[in-house]
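Reading the structure
Each chain, written out:
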Amino acid sequence: MKRRKQQNINIDPTNLGGQEAGLLGEGTGILSGDITSTKVEVISSMILTIGYSLATLSTILALQEEEQLEQTRTSNAQNQNLQFRNMHKHLQHLNNRLDSIERKLNRY
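These numbers were taken from a predicted model, which means no experiment stands behind them.

Details of the overall build of the protein chain
- Scanning the protein chain from N- to C-terminus turns up two helices and zero strands.
- Counting every position in the protein chain, which comprises 108 residues, the buried fraction comes to 3%.
- Of the accessible surface of the protein chain, which amounts to about 10700 Å², a share of 56% is contributed by carbon and sulfur atoms.

And the structure:
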């Protein structure tokens, strides 16, 4: 049986295959360790995209909070309206009852 030799990629980055080395930005040719304008452009584009994404996310969250507050206000207004209606019914009932009592007292 043949044993496979395990490679430790953490020890020697030049030991990597071409594709893996390219992903890490090491051992890829003449400009292997240099920061190029293309790399800076890609990184700045990624950062800009992340920034736009975060700005969009914050806008969405702010709108959701605003909507939730408006729903709470609407709910409170509806609850208050219901309470006023119930009080109106009770007061009408009480008023009718008092009218009835007054009529009975006037009879005697």
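Still more to cover.
Some thoughts on the confidence of the model for the protein chain
- In this model, the protein chain carries a mean pLDDT of 79, and residues with pLDDT of at least 70 account for 69%.
- Predicted confidence is poor over residues 4–10, with pLDDT under 50, and the contacts of this stretch with residues over four places away or in other chains come to two contacts.
- Counting interchain partners and residues more than four positions distant, the pLDDT-below-50 stretch residues 12–21 has eight contacts.

So, a nonpolar patch on the surface
- Among the surface-exposed residues, Leu91, Leu94, Leu98, Ile101 and Leu105 lie close enough to one another that they form a single nonpolar patch of about 500 Å² accessible area.
- Looking at where leucine 91 falls in the secondary structure, it is placed in helix 2 (residues 37–107).
- By relative accessible area, which is 55% here, leucine 91 ends up exposed.

Calculation rules
- Residues numbered from 1 in each chain as written.
- Predicted model: local features only at pLDDT ≥ 70, side-chain atom pairs only at ≥ 80, totals over all residues.
- Heavy atoms only, no water.
- Helix = DSSP H or I, 4+ residues; strand = E, 2+ residues; numbered from the N terminus.
- Buried < 20%, exposed > 50% of the residue type's maximum accessible area, 1.4 Å probe, protein only.
- Areas by Shrake-Rupley, 256 points an atom, 1.4 Å probe, with all protein chains shown as cover.
- pLDDT = per-residue confidence, 0-100.
- Contact = heavy atoms within 4.5 Å.
- Patch = residues over 30% accessible without salt bridge, like charges linked within 9 Å, V, L, I, M, F, W, Y side chains within 5 Å.
- Salt bridge = Lys/Arg side-chain N within 4 Å of Asp/Glu carboxyl O.

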